[in-house]
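Coordinates in review
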Amino acid sequence: GESVGLHLPTLSVQEGDNSIINCAYSNSASDYFIWYKQESGKGPQFIIDIRSNMDKRQGQRVTVLLNKTVKHLSLQIAATQPGDSAVYFCAENMGGGAQKLVFGQGTRLTINP
Amino acid sequence: ETGVTQSPTHLIKTRGQQVTLRCSSQSGHNTVSWYQQALGQGPQFIFQYYREEENGRGNFPPRFSGLQFPNYSSELNVNALELDDSALYLCASSDPGAGELFFGEGSRLTVL
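Quick summary incoming for the structure in this document. Everything numeric here is computed off the predicted structure, so don't read it as measured data.

1. Observations concerning the state of the cysteines
Should the sulfur atoms of two cysteines be covalently bonded, the bond is a disulfide. Within the structure shown, the criterion is met by two disulfides over all chains. The disulfide partner of Cys23(A) is Cys90(A), and the gap between their sulfur atoms is 1.8 Å. Measuring handedness by torsion sign, the sulfur bridge of Cys23(A) and Cys90(A) sits at about 55° and is right-handed. Of this pair, Cys23(A) sits in strand β3 (residues 19-25) while Cys90(A) is found in strand β9 (residues 86-93), placing the two residues 67 residues apart along the sequence. Residue Cys23(A) is classed as buried on the basis of its relative accessible area, which comes to 0%. Take Cys90(A): its relative accessible area is 0%, and that puts it in the buried class. With its sulfur 1.8 Å from that of its partner, Cys23(B) forms a disulfide with Cys91(B). Linking Cys23(B) and Cys91(B), the disulfide has an S-S dihedral of approximately -65° and is accordingly described as left-handed. In this pair, Cys23(B) sits in strand β3 (residues 19-24) while Cys91(B) sits in strand β9 (residues 87-94), placing the two residues 68 residues apart along the sequence.

2. A look at the sheet that holds β3(B)
Residue and element names in this part refer to chain B. The antiparallel open sheet is built from four strands, whose spatial order is β1-β3-β8-β7. Edge positions in the open sheet fall to β1 (5-7) and β7 (64-68), since each of these has one partner strand only. Between one strand and the next, the sheet's axes are offset by a mean angle of 20°, whatever the strand orientation. Both β3 and strand β8 (residues 74-78) contribute to a ladder of five bridges, which runs antiparallel. Across the sheet, residue Thr20 finds its bridge partner in β8, namely Asn77.

Conventions we followed
- Residues numbered from 1 in each chain as written.
- Chains lettered and ligands numbered in written order.
- Predicted model: local features only at pLDDT ≥ 70, side-chain atom pairs only at ≥ 80, totals over all residues.
- Heavy atoms only, no water.
- Disulfide = S-S within 2.5 Å.
- Helix = DSSP H or I, 4+ residues; strand = E, 2+ residues; numbered from the N terminus.
- Buried < 20%, exposed > 50% of the residue type's maximum accessible area, 1.4 Å probe, protein only.
- Pairing = 2+ DSSP bridges.
- Axes fitted to C-alpha atoms, helices over the stretch in contact; angles between N-to-C directions.

Here's what the structure looks like:
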């Protein structure tokens, strides 16, 4: 069935280190992928997106890598800061007319001082 | 630019009751989507509205219904509430040509 999963439910990193959050998706027809950050009590906040015709995209302190061969997505956060503590979700757009996003379960990122 | 706003932020209902949640889309966005997020889970797509018509629906029963108004605001209605309907209900708006969804802060529904 439809599923977007994450390899690790929790991730702890030292402040200043780089963080890598992984995601496996199941639908090879998905053409658009997004990473969202969700802080406690808030709605998901867009971080970065990537289309299926790309394998890498960089933003400010964040990089998304897409490997379509193994249906794997990753989010790299450089120089992790306390404000990066949140739950991170990957989501895939199944394509077609509606922007129907399928979200993974999420990875909780905690930053150790 | 005004972001996505939702109301109410919290509400408590009992089984069998009905609830209406409201959403105002971000300025300039004509597409609204609703998602249900159970505790500890990722959001699940309920349905999407574009130009006042339903444009895609997830695996939710008919007691979940919606509306979109000419000003692009939207309502989510849930009838015959069940305990499992307890969740954070998220509204997101977008331009149909763009992939990015902008989410509101959600309405947290508790069904007792």
